[in-house]
Amino acid sequence: MATETPDFSSRPQRGCIPEIPEIPEIPAIPEIPAPARPAADGGTTADVVVIGAGTAGLAAARHLTGAGLGVIVLEATGRIGGRMATDHVDGFRLDRGSWLPVPDGPELALLPRPLPLARLDGGVLLHGTGRVQRVGARPRRTDGQGGRSSLTAAFDQAWLRVNLGRMAQTAESRLLARPELPARAALATRSVPARIAEGALRPLLTVLLADPALSASCRLSDLRLRAFARAGLSLPRGGAAALPELLAGELPSGTVRTGVRAVSVAANAVQTEGHGTIRCRSVLVATGADRAAGLLDGLRVPEHHPVTVLHHAAPQGLPTGPALVVDTARRGPVAHSLAASAADPSRAPRGRTLVTSVVLGREAGEPPHLLDRAARAQLAALHDAPAREWELLAVRHDARAVPATPPPYAAERRVRLLAGVYVCGDHRDAPGIGGELSSARRAAAALCADLGVPVPSGTADPAPDPSLTARAV
Ligand SMILES: Cc1cc2nc3c(=O)[nH]c(=O)nc-3n(C[C@H](O)[C@H](O)[C@H](O)COP(=O)(O)OP(=O)(O)OC[C@H]3O[C@@H](n4cnc5c(N)ncnc54)[C@H](O)[C@@H]3O)c2cc1C
C-alpha cells in the first residue's frame, strides 16, 4: 500500500487534461507496492477507490475485484444505482429514467449473469394522424392497429420493413464510414420519401436518441437504428434498478459505502466529506459528467438532453399491449408511451396497468402539473383508452439525463487521465447504459494494465460478432 502523504495539490490541474488533443503519456506512478485489500468496513486503505455507485462505478468495481484488487466504492447518497433508480409506490415499480435496452446489446452479454429483460413483443406503434404503423414486432405482425388501410400505408409499411431489414444487416464499420452530419441533416440527404422520413424515421430516432432536434451525430443514430432493427426493444424486469443491483450483488460485502461523498481526488488518496481520507493506489471517478469535472479539473462536460417521465395507473389493460407508442403527429408533450406492466407485469399490482410516458426536449422542463394536464388527451388518443381517469403516480424530471453527442462522433473517449487517475460513465462513451458499461470495462482494463495486474477475460474487449461481417451488405 502506498505510504506517501496524500497530495491533493497534485490533482490534475485545469488544462492538464485536455480532451483534444490527447495529453502526452504521463509515466506511471513508480514503485507500485503490492496490492492492498481494503480493510474491513470502515477501513481507510484500498488498491482502488471508485467514486460513485451508479451503473458505471459498480460495473468497474466488479471488473477490478475480479482482477483481485481491493476496492472501495464511495457513494454520496444513501442508495446505489445513481440515475438507474426504481421507486416502489403502492405496488408499482416506477423507473426514474426511461431505459429501453436493446436485448442483444454486446455489453449486456458481458454481464456476470443475464439481466432479465421483457421484450416489447408489440414493437413500436408509430401513431400518426389517421394511421398507425407497427415496426419491430416479434413475431412480425401485419395489423394496422386501427389505421385506415390504403396503398400509401401499405407502401410505407413495406418500405420500412425492407429498409430496417437492410439496416439490421449493414456492417457497423460501414455505418461509421458515412459522412458525419447531424442526424436530422443526414436524414434529409438520404433517399427516403419525405412522408416516411418525417412520419416514421424522425420520431423513431427521437426515441432512440432522446433528442427531438436530432442534433446527434448520424453515426450514432445509424448505430441505434441498426441495433433496434436487429433486436427491437425491451424493459428490464422489475425496473431499471435491477441492473445496478445485479452488479452490486457480485461485489464482496462491504465494498460499497453509501452516504460518503468524495470531495477531493489525488492519484493516491481520496478525501471525503466527514469520513476522512482513504489512501489508495488508483482512483476511478464514476460520478456523471458534472461531478466528475468538479473532482477532475479540465474534464470536458458535454451538453445533456432533459427527460421527464410520467407514470400513470390505469384501472384496466390497454389495447396497445406491450408496444411502445410513438406520437408521430405531435398531439401533445409526450414523445412516447408504454403500458409498461403489459410487458413486465411485476411493475404494477394485479388488475392495474402502469403507463409510463416520456417527454423530451424543451417541453420536458414544463411544470409537472401542466405536463400531466396536457398529456391526458394525447395519451387517450395514443392508447385508445379513457386516460382522463388515470391516477398520476409520479413525475420524474432530470434536466441532464442523457449526454448530447453532436458530430464528430467519438464513442470511446479517454478513460485514463494519468497513471492512477481514471474516469468512466455515460460521458466517456456512447450515451446510455451500453456506453457506460463499455467505459467501465475500458477504465478497469487501463487501471489493471498500469498496476501490472492481469486483465480478467470479461474485462477485455468482446470479440467482434462474425455474423456482422458475413451479413454485411
Ligand atoms: C430521466 C432519465 C432518462 C434516461 N433515459 C435513458 C434512456 O432512455 N436510455 C439510456 O440508455 N439511458 C437513459 N438515461 C441515462 C442513464 O440512466 C444513465 O446513462 C446512467 O444511469 C448513468 O450511469 P453512471 O453510472 O454513469 O452515472 P450515475 O447513474 O449518475 O451515477 C453516478 C453516481 O455517483 C454518485 N456521486 C456523484 N458525486 C459523488 C461524489 N462526490 N462522491 C460519491 N458519490 C458521488 C451519484 O450519487 C450517483 O449515484 C436516463 C437517465 C435519466 C435520469
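Residues numbered from 1 in each chain as written. Predicted model: local features only at pLDDT ≥ 70, side-chain atom pairs only at ≥ 80, totals over all residues.

Within an unreviewed UniProt entry, the label attached to the chain reads Phytoene dehydrogenase-related protein, and the organism entered is Streptomyces aidingensis.

Visitor: Tell me about the overall build of the chain, residues and numbers included.
Guide: Helix and strand counts for the chain come out as 13 helices and 20 strands. Among the 473 residues that make up the chain, the fraction classed as buried is 49%. For the chain, long-range pairs separated by at least 24 residues make up 73% of all intrachain contacts whose partners lie at least 6 apart in sequence. (Helix = DSSP H or I, 4+ residues; strand = E, 2+ residues; numbered from the N terminus. Buried ≥ 20, exposed ≤ 12 C-beta atoms within 10 Å, placed from the backbone. Contact = placed C-beta atoms within 7 Å.)

Visitor: Explain the site of the ligand to me, and be specific about the residues and the numbers.
Guide: The ligand sits among 36 residues. The nearest are G52, G54, G82, G425 and G432. Among the elements of the structure, α1 (55-66), β2 (71-75), β14 (304-314), β18 (391-403) and α12 (433-451) are those that each provide at least two residues to the shell around the ligand. Of the residues that constitute the shell around the ligand, the class distribution is 15 nonpolar, 12 polar and nine charged. Mapping the shell around the ligand onto the domain boundaries places at least three of its residues in each of domain 1 (8-82 + 241-302 + 409-461) and domain 2 (87-104 + 117-237 + 305-403). (Near = placed C-beta within 6 Å. Nonpolar A, V, L, I, M, F, W, Y, C, P; charged D, E, K, R; others polar. Domains from an automatic or database assignment.)

Visitor: Lay out the environment of G294 with the relevant residues and their values.
Guide: Note that G294 resides in helix α9 (residues 289-295). You can call G294 partly exposed: it has 16 C-beta atoms within 10 Å. For the pair G294 and V265, spaced 29 residues apart in the sequence, the C-alpha separation amounts to 10.0 Å.

Visitor: Outline the pairing of strand β4 (residues 92-95), supporting the account with residue identities and numerical values.
Guide: Here β4 shows no split at all, with F92 and L94 on one side and R93 and D95 on the other all buried. When strand β3 (residues 86-89) meets β4, the two strands line up antiparallel, connected through four bridges. Paired with V89 across the bridge in β4 is F92. Between the antiparallel neighbours β3 and β4 lie two residues, among them D90 with a positive phi of about 50°. (Pairing = 2+ DSSP bridges.)

Visitor: Mind laying out the sheet that holds strand β15 (residues 324-327), listing which residues take part and the relevant values?
Guide: With mixed pairing, the seven strands of this open sheet are ordered in space as β7-β6-β15-β16-β17-β14-β18. The strands lining the two open edges of the sheet, one partner per strand, are β7 (132-135) and β18. Neighbour-to-neighbour, the strand axes of this sheet turn through a mean angle of 20°, independent of strand direction. Bridging between strand β6 (residues 124-127) and β7 involves four bridges; their strand directions are antiparallel. Paired with H127 across the two strands is V132, which belongs to β7. Sitting on the sheet, helix α6 (residues 194-209) is in contact with β6, β7, β15, β16 (334-339) and β17 (353-360), with an inclination near 125° to β6. Most of the contacts of helix α11 (residues 368-383) go to β16, to which it runs at about 65°, and overall it touches β6, β14, β15, β16, β17 and β18. (Axes fitted to C-alpha atoms, helices over the stretch in contact; angles between N-to-C directions.)

Visitor: Account for unusual backbone geometry, with residues named and values stated.
Guide: In this model, P407 is joined to P408 through a cis peptide bond whose omega is 0°. Tracing the backbone shows P408 in the loop between β18 and β19 (416-418). Positive phi is not limited to glycine here, since A210 has a value of about 55°. Relative to the helices and strands, A210 is located in the loop between α6 and α7 (218-231).

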